[in-house]
Structures are given as C-alpha cells and as structure tokens.
Amino acid sequence: MPTNLPAEARAKWLKYLEARTPEEKLTALQEFFSAIPKHKGTENLRAWVRRKISELKEEIEEKKLRRSGSGISFFIEKEGAAQVVMLGMTQVGKSSLLRVLTNAKPEVSDVPYTTKKPVPGMMRYEDIYFQVVEAPALIEGSANGAIWWGTRVLGLARNADVLMLIIDLTNEPLKQVGVLVRELEAAGIYLKKPRGKVLVKRSKAIHGIKVVLCGKLLNCTVDDVRKLLEANRMYGIEVKIYGEVALEDVEKAIYETVTYKPCLVVLNKADLVSSKYAKEIASYIRNLLPDAEITITSARLGMGVSSIPSKIFKLADVIRVYTKEPNSPKPSPEPLILKRGSTIEDAVKRVREEFVKYFKYARVWGPSAKYPGERVGLNHMLEDGDVIEIRTTIKGI
C-alpha cells in the first residue's frame, strides 16, 4: 500500500474526491495518476487507478450511448428485492439457467460468446421477486481489457447485490472458479467476508476528523488513524471501523474501492458427470469460498434449480415487513423490502419520510414481537415476516 505520497499527489487526490461528474472525476484521476511515484509501495494503488480510469471512460461512453439510443448499453436499472448478476465463462449454461429461473427468453446457442449484452429477468421467491441479470462471458484478463466488455461486466458485478457464478462441471470447473475469482479480485470485488470494514465518508457537519470505533484496531490506535488522514490532508471526514481493522485497511479504504459481494456458486451440467465428482468439486469450492452458497444443478433437466431462489434470499440479507392500517384485520399483500438489521425507523422512512417526525409508536406482530401487537419505538429491530402498524400524531394515522 502507498505510504508518504508527495504533497502534489495528495492535493490531486483531494481534487478527485471533490469531483462530482464522471468527466470531472476522470480528469482529476488522470492528474492524480501522473503524480503517483513509481515504486513497490504504490503498485496496487497505480493498478487500481488504471482500472478506475478505464471504468470512468466506459461510464462516460455508456451515458453517451443511452442518450443516443445506439450501441450496446450495459446499464441495467435495479428492480425487485435485489439484483443478482450471473457471471461465468462462455458455454457454461448461463442463458439456459436464466430461462429456467425467470421470465426472460435469452438466446441459447452452441456458438461461444452468443450473449453480447446483459439480459435481465425476474425470479420469484414466495411473494417477492429478484432481478437476475445474465452478463456476457468473462475470460482470463477481463479486468485488464482482454475482451472489450470485460471491465463493463465487472462493473455490473460491482453494482450487484448478489453474484451468481455459473460453473460448467464438464470443463475444468476448478480452473473456471479460479479465473472468475482472480478477475473479480483484480477489480476490487471479493467473495470472502473481510475480517473488518472501514467506511470513509465526507461530511459538511464535521470540521476535522471523526473516528468511530465499532470494532477493534490491530497494531495501531485511533490517533494513528487520525494522523494518517491528516497526513493525506483529509478533513471533514468520518471514519467508521467495524470488525478487526489494521492501519493498512484504513489506507486501502482511502485510496481504493474494495467491496465484498455475497455469492452463490452454481455447479451446472450435473447430468453429464457423476454425483460423486460433483460433490467433490463442491467440497473444494466450499473450502476456497467459505462464505459462498453452493448448489449443484442441471439447467437442461431442471435439476436442483428450485433451491436457487431461497439461497439468493439468504444471501441478499433482506427481510420482508408488512404494513397494516390501524384497525384493519389484514396486512398489505406487498411487503417492504429492508436490509436485515433494520428498525421500525427504517420501515417508517420507507413508508413516508416525514412520518418519523410525527411518530408516536408502532405495534408489531410476528417473529420480533414478544407478544402479538407489542407496542414498540423507533429502535425496535425487525425480523422477516413482521407485520407493523404505525401510529403518528397526524390525525387518522
């Protein structure tokens, strides 16, 4: 990781942080890159900046395409409870699986690289839907431009809520997994939960540097974190630290965009290999990616596909909360979709932001309630399947 960047580089980095449009960010990042000294300590930073410059150029081009209505657009607006992006190499069965899981009708062909642009569909799980997007195939070197759509596909992955890796069991499955994991990591996307997390946020309400320690610092102190930001002339900053974090992790959070994505690995074409072989591959991947869910399927026969929606629901880490009008016997049929760990306040804001200001109390029926109709406040934590009734000081509500 970079240390002791020259003042010129730090100043240009601040200019990048203050940039608002993709065009402004691109110009600032190019200037920052030119000011980074070349040595071993800056190798990762320089690699990240190169990728980010490439992504910004593509984002700018994407905007032009959307405005003109020409060319291939990779922008997919999110719908449903969460967006799931299907990744894999060519001919692994992504299109066939998308047809089975959703209402989409992608072209299924024996010709490699048939899918040239993202194809979305909606997958049902009980009373909600997930958006599943089939991405064009990745190859080794995609993150570095080995194929023209490679970085765009990785951009889709970065924007997704859940990733679904489709692996062909008949064609060196472990090699496929290795390629996908390496390409994702080259783009700063990790499939293993980090030991800790650092959130760096600019705030006009903060004049100096605020460090919020919600976890544990390894081999450093809060003062060391503050000095690191001061050395980089970063003020008006709030740093939140969760889990176990080293000073290097803080520095990485300042200069690089690294993200963790929950992942489902789908071992496809199981009808063409032995059950024992499929289970051995699953066991190996489970050791490699301990946080991932794994399922063995055959899209052609529909085998094992029915387990996918429930696994995606688990990985998306969302809950369904149903609202009920006061004195009404039945809750609304369509739930609010909230992140796990959400509170009554989060639900109230989702219903109507200003209701928080006039909130009196809520009643809760379901898993989080001690008894049916429990009266609770804004800090009450909700669980999947809860029914809530919101009471405010507004007459009639």
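Just checking my understanding: could you explain a nonpolar patch on the surface for this structure?
Taken together, Leu174, Tyr284 and Leu288 make up a surface patch of nonpolar side chains, about 250 Å² in accessible area. Along the polypeptide, Leu288 turns up in helix α9 (residues 275-288). By relative accessible area, which is 30% here, Leu288 ends up partly exposed.

What exactly am I supposed to notice about the packing of helix α1 (residues 7-18) against helix α2 (residues 22-35) here?
Packed helices, taken two at a time, are described by the angle their axes make and the gap between the axes. Contact geometry of α1 with α2 gives a least axis separation of 8 Å together with a crossing angle of 165°. Put simply, α1 runs roughly antiparallel to α2. As for how α1 packs across α2, the hand of that crossing is left-handed. For the pair α1 and α2, the contacting residues are Glu8, Ala9, Lys12, Trp13, Lys15 and Tyr16 in the first and Lys25, Ala28, Leu29, Glu31, Phe32 and Ala35 in the second. Partitioned by chemical class, the residues of the contact of α1 with α2 number 7 nonpolar, no polar and 5 charged.

Just checking my understanding: could you explain the sheet that holds strand β1 (residues 83-87) for this structure?
Pairing is mixed across the open sheet formed by 6 strands, whose spatial order is β2-β3-β1-β4-β11-β12. Looking at which strands have only one partner, the edges of the open sheet turn out to be β2 (119-125) and β12 (293-296). This sheet shows a mean twist of 25° between the axes of neighbouring strands, independent of strand direction. In this sheet, β12 lies alongside strand β11 (residues 263-268) in parallel orientation, the contact comprising 4 bridges. Its bridge partner lying in β12, Val265 is registered against Ile294. Where helix α6 (residues 173-186) meets the sheet, it contacts β1 and β4 (162-168), and its direction lies at approximately 150° from that of β4.

Please explain the sheet that holds strand β17 (residues 387-392) as it appears in this structure.
Taken in spatial order, the 5 strands of this open sheet run β14-β13-β17-β15-β16, and their pairing is mixed. The strands lining the two open edges of the sheet, one partner per strand, are β14 (336-339) and β16 (374-376). Pairs of neighbouring strands in the sheet enclose a mean axial angle of 35°, with direction left out of account. The pairing of strand β15 (residues 359-365) with β16 spans 3 bridges and is antiparallel. If you follow Val364 over to β16, its bridge partner there is Glu374. Across the sheet, helix α11 (residues 344-351) lies against β13 (318-323), β14, β15, β16 and β17, angled at about 140° from β14, the strand it touches most.

Just checking my understanding: could you explain helix α7 (residues 222-231) for this structure?
An α-helical segment advances 3.6 residues per turn. Residues three or four places apart therefore align on the same side. Burial in α7 covers these residues: Val225, Leu228 and Leu229. Summarising the axial view, the buried residues of α7 lie within an arc of 95°, below the 170-degree limit, and thus occupy one face. Contacts made by the buried residues of α7 are with β7 (209-213), β8 (216-218), β9 (237-246) and α8 (247-255). Positive backbone phi, approximately 55°, marks Arg233, located one or two places after α7.

Thresholds applied
- Residue indices begin from 1 for each chain and proceed along its sequence in written order.
- Whole-chain, interface and lining totals are the exception, using all residues; otherwise, since this is a predicted model, local features are given only for residues with pLDDT of at least 70 and side-chain atom pairs are given and counted only at 80 or more.
- Water and hydrogen atoms were dropped before computing side-chain values, which therefore reflect all heavy atoms in the structure.
- Each patch groups residues whose relative accessible area exceeds 30% and which form no salt bridge, using 9 Å between like charges and 5 Å between nonpolar side chains of Val, Leu, Ile, Met, Phe, Trp and Tyr.
- With residues, only the protein chains shown are counted as cover, and all accessible areas are computed by Shrake-Rupley using a 1.4 Å probe.
- For this document, the term salt bridge refers to a Lys or Arg side-chain nitrogen within 4 Å of an Asp or Glu carboxyl oxygen.
- Numbering of helices and strands runs from the N terminus, with a helix taken as a DSSP run of H or I at least four residues long and a strand as a DSSP run of E at least two residues long.
- Note on classification: 1.4 Å probe, protein chains only; a residue is buried when its accessible area is under 20% of the maximum for its type, exposed when over 50%, partly exposed between these limits.
- Every axis in this analysis is a line fitted to C-alpha atoms, fitted for helices over the stretch in contact. Angles between the N-to-C directions lie between 0 and 180 degrees.
- Orientation labels follow simple angle bins: below 35 degrees gives roughly parallel, above 145 gives roughly antiparallel, 65 to 115 gives roughly perpendicular, and whatever is left gives oblique.
- Helix crossings get a hand from a simple test, with the near helix turned counterclockwise from the far one by less than a right angle marking a left-handed crossing and a clockwise turn marking a right-handed one.
- Throughout, a residue-residue contact means that at least one pair of heavy atoms, one from each residue, lies within 4.5 Å.
- Classification used: nonpolar for Ala, Val, Leu, Ile, Met, Phe, Trp, Tyr, Cys and Pro, charged for Asp, Glu, Lys and Arg, polar for all others including Gly.
- For two strands to be treated as a pair, DSSP must find no fewer than two bridges joining them.
- To obtain the arc, one takes the directions from the helix axis to the C-beta atoms.

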